[in-house]
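If you want the building blocks of each chain, they are given just below.
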Amino acid sequence: MNNKDISKMTYREATQELEEILRAIESDSVDVDELTQKVQRSSLLIKFCKDKLRHAENAINQVFNEENCEEPASKPEKGGAGSGTLFQ
């Protein structure tokens with residue numbers, strides 16, 4: 001099992017390690033003592049991945065919010081009171 005410091009991992013590395021752990025557990029090649037360690041490591045990796053995804057989502061939302069603020073909404077031209085037209 002990879003014991004790389006999680007804080008220095010990329011999202012891809014973390015998901016790859018999670019897949020390795022899953023394969024090991026599914027193949028029944030893990031004894032009970034090792035299983036506990038793998039489950040604990042998996043929990044940390046899952047938390048790390050969730051945090052990365054939340055951070056990415058927030059960053060993307062911020063970009064979209066900034067983009068919406070930079071371009072003022074176009075105002076329709078005044079068609080006079082009660083003209084009832086949307087486009088001129």
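Refer to the preceding data block for the structure.
Residues numbered from 1 in each chain as written. Predicted model: local features only at pLDDT ≥ 70, side-chain atom pairs only at ≥ 80, totals over all residues. Heavy atoms only, no water.

**Comments concerning the pattern of salt bridges**
The full count for this structure, using the stated rule, is five salt bridges. As a salt-bridge pair, Glu13 and Lys4 come within 3.1 Å of each other at their nearest N and O atoms. Exposure remark for Glu13: the relative accessible area of 28% places this residue in the partly exposed category. Given a relative accessible area of 32%, Lys4 falls into the partly exposed group. Measuring nitrogen to oxygen at the nearest pair gives 3.3 Å for the salt bridge that ties Asp51 to Arg54. (Salt bridge = Lys/Arg side-chain N within 4 Å of Asp/Glu carboxyl O. Buried < 20%, exposed > 50% of the residue type's maximum accessible area, 1.4 Å probe, protein only.)

**A word on the side chain of Arg41**
Here Arg41 lies in helix H2 (residues 32–70). Looking at Arg41, the relative accessible area reads 11%, which means it is buried. Within the structure, Arg41 has its side chain in polar contact with the side chain of Glu17 (distance 2.7 Å). (Helix = DSSP H or I, 4+ residues; strand = E, 2+ residues; numbered from the N terminus. Polar contact = N/O pair within 3.5 Å; in protein donor to acceptor, adjacent residues only side chain to side chain.)

**Some points on the side chain of Ser42**
Within the fold, Ser42 resides in helix H2. At 2.8 Å, the side chain of Ser42 and the backbone oxygen of Lys38 are in polar contact. Those residues in contact with Ser42 that sit more than four places away from it in its chain are Leu18 and Ile21. (Contact = heavy atoms within 4.5 Å.)

**Some words on a nonpolar patch on the surface**
A cluster of nonpolar side chains, contributed by Ile25, Leu35 and Val39, occupies part of the molecular surface with about 210 Å² of accessible area. For Leu35, a relative accessible area of 32% translates into the label partly exposed. (Patch = residues over 30% accessible without salt bridge, like charges linked within 9 Å, V, L, I, M, F, W, Y side chains within 5 Å. Areas by Shrake-Rupley, 256 points an atom, 1.4 Å probe, with all protein chains shown as cover.)

**Here we look at the environment of Cys49**
Along the chain, Cys49 falls in helix H2. As a C-alpha pair, Cys49 and Ile6 span 43 residues in sequence and 9.9 Å in three-dimensional space. The contacts of Cys49, once residues within four sequence positions are left out, are Tyr11, Ala14, Thr15 and Leu18.

**Regarding the environment of Ile46**
Within the secondary structure, Ile46 is located in helix H2. In this structure the C-alpha to C-alpha distance between Ile46 and Ala14, which are 32 residues apart in sequence, comes to 8.1 Å.

**A short note on unusual backbone geometry**
With a phi close to 60°, Asp28 is a non-glycine residue in the positive phi region. Residue placement: Asp28 occurs in the loop between helix H1 (11–26) and H2. The class of Asp28 is exposed, set by a relative accessible area of 68%.

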